[in-house]
Amino acid sequence: MKWTLAGSRIDFTARAQVMGILNVTPDSFYDRYREVDVAVERGLQMVAEGADILDIGGESSRPPMYGEAVEVDWEEECRRVLPVIEALRRQTDVAISVDTVKATVARRALGQGADIINDISAMCDPQMGSVAAECNAPLILMHRRGTPSTMQQDTHYDDVLGEVMAFLRERIDRAQQAGVNQCAVDPGLGFGKSIAGNFVLLKSLHRFAEFNVPLLVGASRKSFVWKTLGGTADDALEGSLALAVMSRSAGAHILRVHDVKATCNALRVADAVLQAEA
């Protein structure tokens, strides 16, 4: 449960790692930073607030309820993310993750100073495993059904937990066969799941310990949270914090969030309870 990065290590046994979301897109569902200097400023702010990892993405994966996510080619995605990664790498030693499904983008991002690949397609690009292996970069594998534009068209599962776990087990095997020796799994909350399905996965997070790799949970401000509260994404902070604490208690190692300071404070109190001696 430790990752070796280019210039540092991440120890998942000590505490949960907070991954700050930095969208450098015009169309993500929440928090968008299109200008390089503004994105870099927000990234450094998240580091000051306690972020352990910055997750930088240049292509939206928002569901259709927010409007159709626009697919971009690898050149445009690189144009968005590479200057931000390069600038942040010069100014902070915090781990940087590139949120991409394209192996070409991942390779170039790693060359500019990124440390981790966060692939929400779990290697739909057949070259992604070899890129991660060649660069000795940790690879995060997420479950999803379909693409961002189609993923909510079919959210029925006979056994949502079993099917998600079977998918991730197969992708771990595929990554290892490609030579990847550091990976994590993400059940993909909100990606092709019903509201009830998301809560089943959250209630069953302890089961993912079977993989013996770090577990990432990304519930921050997603629609199943704010719909349960009867609001919008702007009203989902408290619900997101509740799920962050519950996920940490259930064994999550990485929490991908928009609200870094609030999450770090909530986790600090949760960890005081978890580490207390009876």
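Throughout what follows, the structure given in this document is the object of discussion. (Residues numbered from 1 in each chain as written. Predicted model: local features only at pLDDT ≥ 70, side-chain atom pairs only at ≥ 80, totals over all residues. Heavy atoms only, no water.)

**A closer look at the nonpolar core**
Next up, step 1: Membership of the largest hydrophobic core comes to 70 residues, with the highest contact counts inside it found for Ile 56, Ile 117, Leu 139 and Phe 208.
Next up, step 2: Setting aside residues up to four positions removed in sequence, Ile 56 forms contacts with Leu 22, Val 24, Val 81, Val 84, Ile 85, Leu 88, Ile 96, Ser 97, Val 98 and Asp 99. (Core = buried A, V, L, I, M, F, W, Y, C linked by side-chain atoms within 4.5 Å. Buried < 20%, exposed > 50% of the residue type's maximum accessible area, 1.4 Å probe, protein only. Contact = heavy atoms within 4.5 Å.)

**Comments concerning helix α1 (residues 36-49)**
Next up, step 1: With 14 residues, α1 extends 20 Å from end C-alpha to end C-alpha; this agrees with the ideal 20 Å at 1.5 Å per step.
Next up, step 2: Those residues of α1 lying buried are Ala 39, Val 40, Arg 42, Gly 43 and Met 46. Across the axial projection of α1, the buried residues extend over an arc of 160 degrees, all falling on one side. Set apart from the buried face of α1 by more than 90 degrees, the exposed residues are Asp 37, Glu 41 and Ala 48.
Next up, step 3: On its buried side, α1 packs onto β3 (17-23), β4 (53-57), α2 (74-91) and α9 (260-274). (Helix = DSSP H or I, 4+ residues; strand = E, 2+ residues; numbered from the N terminus. Expected span 1.5 Å × (residues − 1). Arc of directions from axis to C-beta.)

**Looking at the pairing of β3**
The side chains of a regular strand alternate, first on one face of the sheet and then on the other.
Next up, step 1: Judged by how many residues are buried, β3 sits mostly within the fold: seven of seven residues are covered.
Next up, step 2: Residues Gln 17, Met 19, Ile 21 and Asn 23 point to one face of β3 and Val 18, Gly 20 and Leu 22 to the other, with burial holding for every one of them.
Next up, step 3: For β3 and strand β10 (residues 254-257), the ladder comprises four bridges, and the chain directions are parallel. The residue bridging Gln 17 from the neighbouring strand is Ile 254, located in β10.
Next up, step 4: In terms of strand pairing, β3 meets β4 through five bridges, oriented parallel. Within β4, the position partnered with Leu 22 by the bridge is Ile 56. (Pairing = 2+ DSSP bridges.)

**Points about the pattern of salt bridges**
Next up, step 1: A complete count under the given rule lists 17 salt bridges for this structure.
Next up, step 2: Here Arg 174 makes a salt bridge to Glu 170, at a shortest N to O gap of 3.0 Å. Separated by four residues within a single helix, Arg 174 and Glu 170 lie in helix α5 (residues 160-177), roughly one turn from each other.
Next up, step 3: Residue Glu 170 is classed as partly exposed on the basis of its relative accessible area, which comes to 34%.
Next up, step 4: Salt bridges here are not isolated pairs; linked through shared partners, they connect Asp 55, Asp 99 and Arg 256. (Salt bridge = Lys/Arg side-chain N within 4 Å of Asp/Glu carboxyl O.)

**Focus: unusual backbone geometry**
Next up, step 1: The phi torsion at Asn 212 lies on the positive side, around 55 degrees, for a residue other than glycine.
Next up, step 2: Inspection of the secondary structure assignment puts Asn 212 in the loop between α6 (195-203) and β9 (216-217).
Next up, step 3: Residue Arg 221 is not a glycine yet carries a positive backbone phi of 55 degrees.
Next up, step 4: Taking relative accessible area as the criterion, Arg 221 reaches 4% and is therefore assigned buried.

**Observations concerning the packing of helix α3 (residues 103-111) against helix α4 (residues 128-135)**
Next up, step 1: Here α3 crosses α4 at 15 degrees, and the two axes come no closer than 9 Å. By the angle between their directions, the pair α3 and α4 is classed as roughly parallel. Between α3 and α4 the crossing geometry is right-handed. Side by side, α3 and α4 meet where Ala 103, Ala 106, Arg 107 and Leu 110 of the first sit next to Met 128, Val 131, Glu 134 and Cys 135 of the second. (Axes fitted to C-alpha atoms, helices over the stretch in contact; angles between N-to-C directions. Parallel < 35°, antiparallel > 145°, perpendicular 65-115°, else oblique. Left-handed = near helix turned anticlockwise from the far one by under 90°.)

**Focus on the environment of Gln 112**
Next up, step 1: One can find Gln 112 in the loop between α3 and β6 (116-119).
Next up, step 2: C-alpha separation for the pair Gln 112 and Ala 87, spaced 25 residues apart in sequence, amounts to 9.1 Å.
Next up, step 3: The contact partners of Gln 112, leaving out residues within four places of it in the chain, are Leu 82, Ile 85, Glu 86 and Arg 89.

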